[in-house]
Amino acid sequence: MSSVLVSNDSILRHDWQLEEVKSLFNQPFNDLLFQAQTIHRSHFDPNEVQISSLLSIKTGSCSEDCGYCPQSARYDSDLTPEALMPVDEVLKSAQQAKDQGASRFCMGAAWRSPKDKDIERVVEMVQGVKAMGMETCVTLGMLTDQQTQTLKEGGLDYYNHNLDTSEDYYSEVITTRTYQDRLDTLGRVRDAGINVCCGGIVGMGENDTDRANLLIELANLPKHPESVPINMLVQVEGTPLMGSEQLDPFMFIRMIAVARILMPESRVRLSAGRTDMSDEMQALCFFAGANSIFYGDKLLTTDNPMTNHDLALFDRLGVRSAGSSYA
């Protein structure tokens with residue numbers, strides 16, 4: 001008879017070790033999902049999913065060389081660069097997202113690091129979205145201390161800055177920004193009192209140890225990220241990672257489950273790659289502990305399931321929107 005590895009989920013840990021996390025991954029699938037679902041139910045309503053919408057407010061012409069990203073100026077991905085959007089257009093998109101059920105509006109800009117004048121424009125967007133009664137999130141690249149403080153004073157709720165993968169595998173994907181650069185930005189955001197949204201991407205050619213180490217890095221931060229987006233690589237023509245071997249769907253679901261076990265109080269977000277996931281795979285991700293999604297037909301520049309399809313899936317599963325509350 002197999003046994004489920006039981007952890008004390010009443011204590012938030014920040015000292016996870018590689019071998020114990022590998023042991024979680026290596027459990028029989030049903031045992032892992034049972035443990036993850038048990039922990040999930042002790043912290044969240046299991047039939048409630050938080051909905052976020054994501055808009056690219058400045059597209060393309062990025063100087064970074066992230067191997068998965070069509071917004072890099074280094075790759076020929078047929079993406080048309082677009083300057084920073086006018087504030088009124090961003091607010092119009094936010095209102096549409098709210099009308100379709102989103103409770104958080106996320107704005108992404110393809111910068112290595114923004115200029116101070118850019119931050120001023122983004123703050124206008126943040127304040128306009130908050131006036132609609134929505135939570136706000138931005139992802140703008142690396143920040144200075146002053147820029148972080150300006151965003152905090154402007155009322156920003158969340159800052160997204162993903163680690164992407166393990167520190168050991170990172171240089172296989174990105175060379176223009178170090179892993180420590182990312183950790184430093186996360187530290188600034190946390191020190192400013194802004195909620196952290198931080199996760200990674202799987203399916204980029206990393207191995208099992210890399211996936212475990214990514215989750216360990218997130219779980220062993222001084223405070224767990226409030227939101228943990230788990231992305232499956234969306235392969236885009238013209239980017240170096242086009243042609244990568246497809247990740248086993250069961251491994252992706254295991255990733256969700258282990259993230260839930262390691263970070264019991266975080267929103268685990270089912271993010272990029274949902275277009276390639278069946279309804280049944282997404283349902284298993286929800287069972288494994290995912291309780292947040294990106295909603296709408298685009299994630300920055302890649303396709304996402306249409307809103308109506310998401311609503312239909314929610315209806316079939318008996319799942320409802322979490323509204324504006326968050327962990």
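Given the structure is predicted, the values throughout are model-derived calculations rather than measurements.

Student: How should the overall build of the chain be read in this particular structure?
Tutor: Of regular secondary structure, the chain possesses 11 helices and 12 strands. Relative to its full complement of 327 residues, the chain shows a buried share of 57%. A separation of at least 24 residues holds for 76% of the contacts in the chain among residues at least 6 apart in sequence. Taken as a whole, the chain presents about 13,700 Å² of accessible surface, with 49% of it coming from carbon and sulfur.

Student: Quick question: what am I supposed to make of the nonpolar core here?
Tutor: One recurring pattern in soluble globular proteins: nonpolar side chains tend to sit buried together. Grouped together as the largest cluster of nonpolar side chains are 94 residues, with contacts concentrated most on Ile57, Tyr68, Leu151, Leu215, Phe252 and Leu262. Per element, the largest residue contribution to this core is 10 residues, and it comes from helix α9 (residues 249-262). For Tyr68, the residues in contact, after removing those within four places along its chain, are Asp164, Val173, Ile174, Arg182, Ile201, Met204, Leu233, Val234, Thr239 and Leu241. Of all hydrophobic cores here, the second largest spans 6 residues; its members include Cys106, Cys137, Tyr158 and Phe294.

Student: Explain the packing of aromatic side chains here, please?
Tutor: Any two aromatic rings considered together are summarised by their centre-to-centre distance and by the angle between their planes. Summed over all chains, the structure comprises 3 aromatic pairs. With 5.2 Å between their ring centres and 75 degrees between their planes, Tyr170 and Tyr179 make a pair best called edge-to-face. The class of Tyr179 is buried, set by a relative accessible area of 3%. Sitting above the plane of the Tyr158 ring, Arg104 keeps its charged end 3.8 Å from the centroid.

Student: Teacher, can you tell me more about the side chain of Asp279 here?
Tutor: Position of Asp279 relative to the elements: it lies in helix α10 (residues 279-288). Excluding residues that lie within four positions of it along the chain, Asp279 makes contacts with His309, Leu313 and Arg316.

Student: For this particular structure, what's the right way to read the packing of α9 against α10?
Tutor: A pair of packed helices is captured by two measures, namely the crossing angle of their axes and the spacing between those axes. Interhelical geometry of α9 versus α10 gives an angle of 20 degrees and a closest axis separation of 8 Å. The angle between α9 and α10 falls in the class roughly parallel. When you trace α9 past α10, the crossing you get is right-handed. Every residue of α10 that contacts α9 at Pro249, Phe252, Ile253, Ile256, Ala257 and Arg260 is listed here: Met281, Leu284, Cys285 and Ala288. The residue inventory of the contact of α9 with α10, partitioned by class, reads 9 nonpolar, no polar and 1 charged.

Student: Help me out: how do you make sense of the pairing of strand β7 (residues 227-232) in this one?
Tutor: For a regular strand, side chains alternate in direction, first toward one face of the sheet and then toward the other. With respect to burial, β7 is a largely interior element, 6 of its 6 residues being buried. Because side chains alternate across β7, one face comprises the buried residues Ser227, Pro229 and Asn231, and the other comprises Val228, Ile230 and Met232, equally buried. Here 3 bridges tie strand β6 (residues 200-202) to β7, and the two strands are oriented parallel to one another. Within the sheet, the bridge partner assigned to Gly200 lies in β7 and is Ile230.

Student: Quick question: what am I supposed to make of the state of the cysteines here?
Tutor: Linking two cysteines covalently via their sulfur atoms produces the bond known as a disulfide. One pass over the structure, following the stated rule, counts 0 disulfides. The thiol of Cys106 is not disulfide-bonded; the next cysteine sulfur, from Cys137, is found 4.1 Å away. Accessibility expressed as a relative area gives 3% for Cys106, which makes it buried. Cys198 takes part in no disulfide bond, and the closest cysteine sulfur, belonging to Cys197, lies 7.6 Å away.

Student: Can you walk me through helix α7 (residues 179-191) in this structure?
Tutor: Helical periodicity: at 3.6 residues per turn, an α-helix aligns residues three or four positions apart in one direction. Over its 13 residues, α7 runs 18 Å from end to end, which matches the ideal 18 Å to within 8%, given 1.5 Å per residue. All buried positions along α7 are accounted for by Tyr179, Arg182, Leu183, Thr185, Leu186 and Val189. Along the axis of α7, the buried residues cluster in a sector spanning 160 degrees; they form a single face. Count one or two residues on from α7 and you reach Gly193, which has phi positive near 85 degrees.

Student: Where do I start with the pattern of salt bridges in this structure?
Tutor: Two side chains with opposite charge may pair up if their charged atoms get near one another. Evaluation of the coordinates by the stated rule reveals 13 salt bridges. Residue Arg211 is joined to Asp208 by a salt bridge in which the shortest nitrogen-to-oxygen separation is 2.5 Å. Note that Arg211 and Asp208 are positioned in helix α8 (residues 208-219) at a spacing of 3 residues, about one turn of the helix. The residue Arg274 makes a salt bridge to Asp310 at a minimum N-O spacing of 2.8 Å. Of this pair, Arg274 sits in the loop between β8 (267-270) and α10 while Asp310 sits in helix α11 (residues 307-317), placing them 36 residues apart in sequence. Members of the salt-bridge network, linked through shared partners, are Arg13, Asp15 and Glu20.

Student: Explain the pairing of strand β1 (residues 48-58) to me, please; I cannot follow it from the model alone.
Tutor: Taken across its 11 residues, β1 has 10 buried, putting it largely inside the fold. Bridge count for β1 against strand β12 (residues 320-321) is 2 bridges, and the pairing is parallel. Residue pairing in the sheet places Glu48 in a bridge with Arg320 of β12. Where β1 meets strand β9 (residues 292-295), 4 bridges bridge the pair, whose relative direction is parallel. Its bridge partner lying in β9, Ser52 is registered against Phe294. The pairing of β1 with strand β2 (residues 104-109) spans 6 bridges and is classified as parallel. Pairing of Ser53 across the sheet is with Phe105, part of β2.

Conventions and cut-offs
Residue numbers restart at each chain and count upward from 1, following the sequence in its written direction. In view of the model being predicted, local features appear only for residues whose pLDDT reaches at least 70, and side-chain atom pairs are presented and counted only at 80 or more, with totals across whole chains, interfaces and linings using the full set of residues. The basis for every side-chain value is the complete set of heavy atoms in the structure, and neither hydrogens nor water enter the calculation. Each helix is a run of H or I in the DSSP string that is no shorter than four residues. Each strand is a run of E no shorter than two, and both are numbered from the N terminus. Relative accessibility decides the category of a residue: with a 1.4 Å probe and only protein chains considered, values under 20% of the type maximum give buried, values over 50% give exposed, and everything between is partly exposed. Any two residues whose heavy atoms approach within 4.5 Å are treated as being in contact. Each accessible area is a Shrake-Rupley estimate made with a 1.4 Å probe; only the visible protein chains count as cover when residues are assessed. Grouping buried Ala, Val, Leu, Ile, Met, Phe, Trp, Tyr and Cys residues that are joined through side-chain atoms within 4.5 Å yields what is termed a nonpolar core. Think of it this way: a Phe, Tyr or Trp ring, Trp meaning its six-membered ring, pairs with another when their centres are within 6.5 Å, and the plane angle makes it stacked under 30 degrees, edge-to-face over 60, tilted otherwise. Charge over a ring is defined by NZ of Lys or CZ of Arg lying within 6 Å of the ring centre and within 35 degrees of the ring normal. Orientation is described by lines fitted to C-alpha atoms, with helices fitted over the stretch in contact, and by angles between N-to-C directions that extend from 0 to 180 degrees. Here the angle decides the label: under 35 degrees means roughly parallel, over 145 means roughly antiparallel, 65 to 115 means roughly perpendicular, and every other value means oblique. What makes a crossing left-handed is the near helix being turned counterclockwise from the far one by less than a right angle; a clockwise turn instead makes it right-handed. Residues are grouped as follows: nonpolar covers Ala, Val, Leu, Ile, Met, Phe, Trp, Tyr, Cys and Pro; charged covers Asp, Glu, Lys and Arg; every other residue, Gly included, is treated as polar. In this description, strands pair whenever DSSP reports at least two bridges between them. Whenever a pair of cysteine sulfur atoms sits within 2.5 Å, that pair is classed as a disulfide. Each helix should span, by expectation, one fewer than its residue count multiplied by 1.5 Å. Comment: arc refers to directions from the helix axis out to C-beta atoms. Here a salt bridge means any side-chain nitrogen of Lys or Arg lying within 4 Å of a carboxyl oxygen belonging to Asp or Glu.

Note that every value here comes from positions in space, so none of it alone points to a role or purpose.
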